[in-house]
Amino acid sequence: NAGVTQTPKFQVLKTGQSMTLQCAQDMNHNSMYWYRQDPGMGLRLIYYSASEGTTDKGEVPNGYNVSRLNKREFSLRLESAAPSQTSVYFCASSEWGTASTNEKLFFGSGTQLSVL
Amino acid sequence: GQSLEQPSEVTAVEGAIVQINCTYQTSGFYGLSWYQQHDGGAPTFLSYNALDGLEETGRFSSFLSRSDSYGYLLLQELQMKDSASYFCAVNYGQNFVFGPGTRLSVLP
């Protein structure tokens, strides 16, 4: 059972380049999330998806787009990368939306992104 | 607002007990949870308080008081491997909002 898998682990971009971060979960979770983590600021929500076919903005959505491709996969796209998007990105999933009362986030191992 | 506040750093010795506080200026959330993150790793779930009171999971306990707008994580019998960052979070449905984190250093 792999849990939440995200790729790549590391990426360096030049300002203006685009890229897509991939995330997949094998726990049959309804909800999926993208967070960014910057020093001293905790984790900030970029976008989340409560179910297949729906996406919602979080606290810091500007400069990002997402796609919930199916129940398993949730991708994050940077159309024109900026130095301010240098961060560690985490994908997560949860059972929220099912009959479970387990309010727990499962995180992927993270992507360290540097924009020069 | 939805801000949560935590001490930035806490230091304790091996075998001791440490409490990490989380205060908030928000309401209407479903519950308060705690996550542990080792350097270079991903956050991992520790506990969740949907109701006021104490939840115990092994050496870790978590407490929530909605009337006092605060919660805490209590770590007992500290071990070196507990050195990590600890984050509190509140959730509004499936929207989880995290605090800035507390870095715990456990000394021998």
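This is a predicted model, so every value here is computed, not measured. (Residues numbered from 1 in each chain as written. Chains lettered and ligands numbered in written order. Predicted model: local features only at pLDDT ≥ 70, side-chain atom pairs only at ≥ 80, totals over all residues. Heavy atoms only, no water.)

**Q** Can you break down the overall build of chain A residue by residue, with the values?
**A** Looking only at helices and strands, one finds 0 helices and 11 strands in chain A. Sequence-ordered secondary structure for chain A, helices as α and strands as β, is β-β-β-β-β-β-β-β-β-β-β. Relative to its length of 116 residues, chain A is compact, with a C-alpha radius of gyration of 14 Å against a globular reference of 13 Å. Overall, chain A is about 45 × 30 × 25 Å in size when its C-alpha atoms are taken along their principal axes. Across the 116 residues that make up chain A, the buried fraction comes to 47%. Charge-centre separation for chain A: the mean point of 10 positive side chains lies 6 Å from the mean point of 9 negative side chains. (Helix = DSSP H or I, 4+ residues; strand = E, 2+ residues; numbered from the N terminus. Rg over C-alpha atoms; globule rule 2.2 N^0.38 Å. Buried < 20%, exposed > 50% of the residue type's maximum accessible area, 1.4 Å probe, protein only. Lys, Arg positive; Asp, Glu negative; His and termini not counted. Charge placed at Lys NZ, Arg CZ, Asp CG, Glu CD.)

**Q** Requested: an account of the interface of chain B and chain A, with residues and values cited.
**A** In this assembly, 17 residues from chain B lie in contact with 19 residues from chain A. Note on chain B versus chain A: buried area summed over both sides is about 1600 Å², and carbon and sulfur give 66% of it. In terms of surface lost to chain A, no three residues of chain B exceed Gln94, Phe96 and Phe98 of chain B, which account for 37% of the buried area on that side. Across the chain B-chain A interface, the total number found is 0 salt bridges. (Contact = heavy atoms within 4.5 Å. Buried area = accessible area lost by both parts, 1.4 Å probe. Salt bridge = Lys/Arg side-chain N within 4 Å of Asp/Glu carboxyl O.)

**Q** Hey, could you go over the environment of Gly15 of chain B for me, with residue numbers and the actual values?
**A** All names here are of chain B. Secondary-structure assignment places Gly15 in the loop between strand S2 (9-13) and strand S3 (18-24). Between the alpha carbons of Gly15 and Tyr35 there is a distance of 21 Å; along the sequence they are 20 residues apart. Ignoring anything within four residues of it in the chain, the contact list for Gly15 reads Glu77 and Leu78.

**Q** Lay out the environment of Gly99 of chain B in plain terms, naming residues and giving numbers.
**A** For Gly99 of chain B, the location among the structural elements is in the loop between strand S10 (95-98) and strand S11 (102-107). For Gly99 of chain B, a relative accessible area of 1% gives the class buried. Along the primary structure Gly99 of chain B and Phe63 of chain B are separated by 36 residues, whereas in three dimensions their C-alpha atoms are 16 Å apart. Setting aside residues no more than four positions away along its own chain, Gly99 of chain B makes contact with Gly42 and Leu43 of chain A together with Leu4, Gln6, Phe87 and Cys88 of chain B.

**Q** Can you tell me about the layout of surface pockets, naming the residues and giving the values?
**A** Picture a little ball the size of a water molecule; that probe, rolled over the atoms, points out where space is still empty. Within this model, the largest pocket holds a volume of roughly 510 Å³. Around the largest pocket, the lining comprises 27 residues; the ones closest to its centre are Gln37 and Val88 of chain A together with Gln37, Gly40 and Gly41 of chain B. Within the residue set of the lining of the largest pocket, elements represented by two or more residues are strand S9 (87-94) and strand S11 (111-115) of chain A together with strand S9 (84-92) and S11 of chain B. Grouping the constituent residues of the lining of the largest pocket by class yields 7 nonpolar, 15 polar and 5 charged. Volume-wise, the second largest pocket comes out at about 210 Å³. Lining the second largest pocket are 17 residues, and of these Leu43, Arg44 and Glu59 of chain A together with Val97 and Phe98 of chain B sit closest to its centre. (1 Å grid on protein atoms, 1.4 Å probe; cavity = no way out; pocket = protein on both sides within 12 Å on 5 of 7 lines; lining within 4 Å. Points joined across faces, edges and corners; volume = space filled by probe spheres on them. Nonpolar A, V, L, I, M, F, W, Y, C, P; charged D, E, K, R; others polar.)

**Q** Quick rundown of the pattern of salt bridges? Include the residues and the values.
**A** Oppositely charged side chains can pair when the atoms bearing their charge come close. All names here are of chain A. On inspection of all chains with the given rule, the structure shows 6 salt bridges over all chains. With a shortest N-O distance of 2.8 Å, Asp38 and Arg44 are connected by a salt bridge. Of the residues examined, Asp38 reaches a relative accessible area of 12% and is grouped as buried. Note that Glu79 is salt-bridged to Arg77, the shortest N-O span being 3.1 Å. Owing to a relative accessible area of 43%, Glu79 belongs among the partly exposed residues under this scheme. For Arg77, a relative accessible area of 29% translates into the label partly exposed.

**Q** A description of the nonpolar core should follow, citing residues and the corresponding values.
**A** All names here are of chain B. In terms of nonpolar packing, the biggest core is built from 24 residues, with Leu4, Leu32, Trp34, Leu75, Tyr86 and Leu104 touching the most fellow members. Of all the elements in the fold, those that place two or more residues in this core are S2, S3, strand S4 (31-37), strand S7 (60-65), strand S8 (70-75), S9 and S11. With 5 residues, the top contributor of residues to this core is S9. When near neighbours in sequence (up to four residues on either side) are disregarded, Leu104 contacts Val10, Val18, Leu75, Leu78, Asp82, Ser83, Ala84 and Tyr86. (Core = buried A, V, L, I, M, F, W, Y, C linked by side-chain atoms within 4.5 Å.)

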